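Descriptive structure summary
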Amino acid sequence: MTVGVGSQAPVPPRLRRDARRNRERLVEAAHAVFAEQGLEAPLDVIARRAGVGNATLYRHFPTRAALVDAVFRGQLAGTMEAGERARRAADAWAGLADYLDAVFATLAADRGTNDLMTTRLPDVETLDAVHAHNRETVDVLLGRARAQGVVRADVTTEDLLFALAALGRAVPPLAAAAGPDAWRRPLALFLEGLRGPAAGPRPLPGRPLDEEELGQVLGEMGPHRARPTDGSTGGAAAGGTAST
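First, a word on what this report is: a plain description of the structure on this page. (Residues numbered from 1 in each chain as written. Predicted model: local features only at pLDDT ≥ 70, side-chain atom pairs only at ≥ 80, totals over all residues. Heavy atoms only, no water.)

Brief notes about the environment of Asp91
- Its location among the elements puts Asp91 in the loop between helix H5 (77-88) and helix H6 (92-107).
- Its relative accessible area of 40% is what places Asp91 among the partly exposed residues.
- Look past the residues within four positions of Asp91 in its chain and what remains in contact with it is Arg144 and Gln148.
- Side-chain polar atoms of Asp91 contact the backbone nitrogen of Ala94, separated by 3.1 Å. (Helix = DSSP H or I, 4+ residues; strand = E, 2+ residues; numbered from the N terminus. Buried < 20%, exposed > 50% of the residue type's maximum accessible area, 1.4 Å probe, protein only. Contact = heavy atoms within 4.5 Å. Polar contact = N/O pair within 3.5 Å; in protein donor to acceptor, adjacent residues only side chain to side chain.)

A word on the nonpolar core
- With 60 residues, the main nonpolar core has Phe34, Ile46, Leu67, Tyr99, Phe104 and Leu187 as its most contacted residues.
- A per-element tally of this core places H6 first, with 10 residues.
- Excluding residues within four positions of it along the chain, Leu187 makes contact with Leu100, Asp101, Phe104, Leu164 and Leu167. (Core = buried A, V, L, I, M, F, W, Y, C linked by side-chain atoms within 4.5 Å.)

Concerning the packing of aromatic side chains
- Under the criterion given, the structure shown has 2 aromatic pairs.
- Taking 6.4 Å as the distance between ring centres and 20 degrees as the angle between the ring planes, the aromatic pair formed by Phe34 and Phe72 counts as stacked. In this pair, Phe34 sits in helix H1 (residues 17-37) while Phe72 sits in helix H4 (residues 64-72), placing the two residues 38 residues apart along the sequence. The residues Phe34 and Phe72 share a single accessibility class, namely buried. (Phe/Tyr/Trp six-rings, centres within 6.5 Å; stacked < 30°, edge-to-face > 60°.)

What about H5?
- In a regular helix each residue adds 1.5 Å, so 12 residues correspond to 16 Å; H5 covers 17 Å between its end C-alpha atoms and thus fits that length.
- Where H5 is buried, its residues touch H6, helix H7 (111-118) and helix H8 (125-147). (Expected span 1.5 Å × (residues − 1).)

Some details on the packing of H6 against H7
- Relative orientation of the contacting elements H6 and H7 amounts to 130 degrees, with a least axis distance of 8 Å. One finds that H6 runs oblique with respect to H7. Here Val103, Thr106 and Leu107 of H6 lie close against H7, whose contacting residues are Thr113, Asn114, Met117 and Thr118.
- Partitioning the contact of H6 with H7 into residue classes produces 3 nonpolar, 4 polar and no charged. (Axes fitted to C-alpha atoms, helices over the stretch in contact; angles between N-to-C directions. Parallel < 35°, antiparallel > 145°, perpendicular 65-115°, else oblique. Nonpolar A, V, L, I, M, F, W, Y, C, P; charged D, E, K, R; others polar.)

Topic: a nonpolar patch on the surface
- Together, Leu209, Leu214, Leu218 and Met221 make up a nonpolar patch on the protein surface, roughly 350 Å² of accessible area in all.
- Along the chain, Met221 falls in helix H12 (residues 211-221). (Patch = residues over 30% accessible without salt bridge, like charges linked within 9 Å, V, L, I, M, F, W, Y side chains within 5 Å. Areas by Shrake-Rupley, 256 points an atom, 1.4 Å probe, with all protein chains shown as cover. Salt bridge = Lys/Arg side-chain N within 4 Å of Asp/Glu carboxyl O.)

Digging into the pattern of salt bridges
- Considering all chains together, one arrives at 12 salt bridges under this definition.
- One salt bridge in this structure joins Glu28 and Arg21, with 3.9 Å as the shortest N-O distance.
- Taking the shortest distance from any N to any O, the salt bridge between Arg49 and Glu36 comes out at 2.9 Å. Here Glu36 lies in helix H1 and Arg49 lies in helix H2 (residues 43-50), a separation of 13 residues in the sequence.
- You can call Arg49 partly exposed: its relative accessible area is 33%.
- When its relative accessible area of 37% is taken as the criterion, Glu36 is described as partly exposed.
- Here the salt bridges do not stand alone but share partners, grouping Arg21, Glu24 and Glu28 into one network.

Encoded structure:
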């Protein structure tokens, strides 16, 4: 699952060359800042990194949602492709496990992508399509897995989506504390809890966190976690829209 800067929202065709370049710089800078700091990163930091003023940013992207849509449009298509592959798998458990592995690899890519997939951000149309497809995929896979007796009969789609979102939020601090694949062990433990009578337990991958690493992870998940600022105090642009 790859997440890059390649497929952004289409650029309005009548922009002058300098305006078009400013828009491209803003999208590139936003992707980098969102990856480092998450989707709540101050918008004035993005403008500075792009080498433009706040007014230029607001002119191109009047709201935070518009900027997020431009950065991530098309970049989560791999998640939907993984869902389609999982639905075609003959073994429902293997399909579910492979799909969640692909989703969590995407969540581990950067903080911006993690925020995008584990929370709700209003007015981002392309994200709504990804969430809807994800829910449908999980619903289909759970139904098939119940029919094959490999998943608990009392697990609902909402149970699974809630638990996955909560676990997914821990992926970036887990990676920082214990390595980029540290999420595989808690995901495997979670999957073991879903198993039905037709599936036997399997050993967990990786190693458990030690006490120091657990403390680091929990610290990074708190609202007080350190955030790079590029020297910014955040300003008014740190809010939900670029105009506040």
